[in-house]
Amino acid sequence: MSGTGKEPEGERRKSGFVALLGRPNVGKSTLLNRILGAKIAIVTPKPQTTRDRIAGIYTEPRGQIIFLDSPGIHHARRALNEYMIRTAERIAAEADVVVHIVDDRPLVEGKEESLVRGVIDRVSVPRLLVVNKADRMGETEADRKRKGLMERGRYARGLILSATKGRGVAEFLDCLFGILPEGPAYYPEDELTDLPMRFIAKEVIREKLFEFLSEELPYSVAVSIEEYKEDPEKNLIRIRAEIYVERESQKGMVIGRGGKVLRNIGTAARQELEKETGERVYLDLFVKVERDWSRKETMLRRLGYA
Ligand SMILES: Nc1nc2c(ncn2[C@@H]2O[C@H](COP(=O)(O)OP(=O)(O)OP(=O)(O)O)[C@@H](O)[C@H]2O)c(=O)[nH]1
Ligand SMILES: [Mg+2]
C-alpha cells in the first residue's frame, strides 16, 4: 500500500475509467469480480455472457478506479449482437485506459481477435495487454504470447495474469495507478457498482439460464424484471420476472418436463439473490415467446438493450 493516510485528502489520489475489452470468454467479468472481491458481473463457461456495460468501482488509499466490463467483441449476426459490440466500442471510447485481454486460445488472424484490435487501435488513451488464464498455460507459453502481442500492438505494458487464481492482479493494479492521472473519487468509497439491484437480479437470472440451458438456447433468452418490490418490515423482496424466448419449442425447453428446469433455475437464482441482498426473496418466473426478439430493434429496446 502506498497511501499513508497522512497526506492531505484528495491531493495525490488518482482516479479514472479503465475498460476491460477482448473477445468473448477471455475472463473480463471474472477479472472485474476478482479485483472487487465481490460478484458484480455474471460469469459462465459460455462465450457472449455479458451484454451490457458493467461498472465496478474499486477504491483504496491510492485512489479510485472504475472498471468497465464489456461484452466480448465478436462477429455480429443479430441486432442483439450489434448492440453488444456497440456497447464495447462506447466503453473503449469513454475510458482513460484500455485493457486488451486475451486468454490461452490460439490467436487466429481475421477472426474475433482482429475485430478486437480494430476497436483498440482506434483509442488514443494508453493501452495495456493482459494475458489471462496463465494458470492453464504455464509461464513460458504465457510469456511467449505476451511478447508476440507486444510486438504487434502499441501497449504501455504487457502483463500475465490469472483472474481465477488472483495471480498478477496486484501488479495489474500497480500498473494502472502508475498510469492514471490525479483526480477525485467519482463515487462514494463504499460503493461497488452503480448498477441498480433490479439490473443485478436480471443478470443473476440470466446467469442461471446460461447454466441450466444447453447449447445455443441461452443466446435466445432475455429477462425482464416486471416487478421489484422491497418489503423492509418483512425483510423480503418480491421479484416478478419474464423470460423471453424466440420460439414456442424453446419455451418448452426452458420450462422442462413438469416444470422442472424452470424450478431449478428459479431456486438457484433465488438462493443467489438472497445471499447478495441478505434478505428473503420471492421470485416468480414466467416464460414468454416473442418471436425473433434478438433480431428486432423494438423488442431490444423493450428489454433494455438500447
Ligand atoms: N482457468 C482459468 N479460467 C478462467 C480465468 N478467468 C476466467 N476463466 C473462466 O473463463 C470463462 C469465461 O469467463 P468470463 O469472465 O465469463 O469471460 P468474459 O470475458 O467476461 O466473457 P463474455 O462476457 O462472454 O465476453 C469462465 O468459465 C471463467 O471461469 C483464469 O484466469 N483461469
Ligand atoms: Mg463477461
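Preceding this paragraph is the structure being described.
These notes cover the structure that comes with them. (Residues numbered from 1 in each chain as written. Chains lettered and ligands numbered in written order. Predicted model: local features only at pLDDT ≥ 70, side-chain atom pairs only at ≥ 80, totals over all residues. Heavy atoms only, no water.)

Turning our eyes to something else, we now look at the packing of helix H1 (residues 28-36) against helix H6 (residues 169-179). Where H1 meets H6, the closest approach of the two axes is 11 Å, and the angle between their N-to-C directions is 85 degrees. By the angle between their axes, H1 is roughly perpendicular relative to H6. When H1 is examined against H6, the residues Leu31, Arg34 and Ile35 are found in contact with a partner set consisting of Val169, Phe172 and Leu173. When grouped by side-chain class, the residues that make up the contact of H1 with H6 number five nonpolar, no polar and one charged. (Axes fitted to C-alpha atoms, helices over the stretch in contact; angles between N-to-C directions. Helix = DSSP H or I, 4+ residues; strand = E, 2+ residues; numbered from the N terminus. Parallel < 35°, antiparallel > 145°, perpendicular 65-115°, else oblique. Contact = heavy atoms within 4.5 Å. Nonpolar A, V, L, I, M, F, W, Y, C, P; charged D, E, K, R; others polar.)

Turning our attention to the sheet that holds strand E8 (residues 236-245). Here we have three strands laid out as an open sheet, ordered E7-E8-E9, and mixed in their pairing. The open sheet terminates on both sides in strands that have one partner only, identified here as strand E7 (222-231) and strand E9 (280-289). With strand direction ignored, the average angle separating the axes of adjacent strands in the sheet is 15 degrees. One ladder, built from ten bridges, connects E8 with E9; its direction is parallel. Following the sheet pairing, Glu242 is matched in E9 by Phe286. Contacting E7, E8 and E9, helix H7 (residues 197-212) crosses the sheet at an angle of about 130 degrees to E7. (Pairing = 2+ DSSP bridges.)

Another point: the packing of helix H8 (residues 248-255) against helix H9 (residues 260-277). Where H8 contacts H9, the two axes come as close as 4 Å, and the packing angle between them is 60 degrees. The pairing of H8 with H9 is recorded here as oblique in orientation. Every residue of H9 that contacts H8 at Met253, Val254 and Ile255 is listed here: Lys260, Val261, Leu262 and Ile265. Grouping the constituent residues of the contact of H8 with H9 by class yields six nonpolar, no polar and one charged.

What follows is about the pairing of strand E3 (residues 63-69). Burial analysis of E3 places seven of its seven residues in the buried class, which makes it a mostly covered element. Residues of E3 alternate between two faces, with Gly63, Ile65, Phe67 and Asp69 on one and Gln64, Ile66 and Leu68 on the opposite face, all of them buried. Sheet topology places strand E1 (residues 14-22) next to E3; seven bridges connect them, and they run parallel. The residue of E3 that forms the bridge with Ala19 is Leu68. As paired strands, strand E2 (residues 54-60) and E3 are joined by seven bridges and run antiparallel to one another. Across the sheet, Ala55 pairs through a bridge with Leu68, a residue of E3. In sequence, E2 turns back onto E3 through a hairpin of two residues. (Buried < 20%, exposed > 50% of the residue type's maximum accessible area, 1.4 Å probe, protein only.)

Everything listed here is a matter of coordinates, which is why it stays silent on function.
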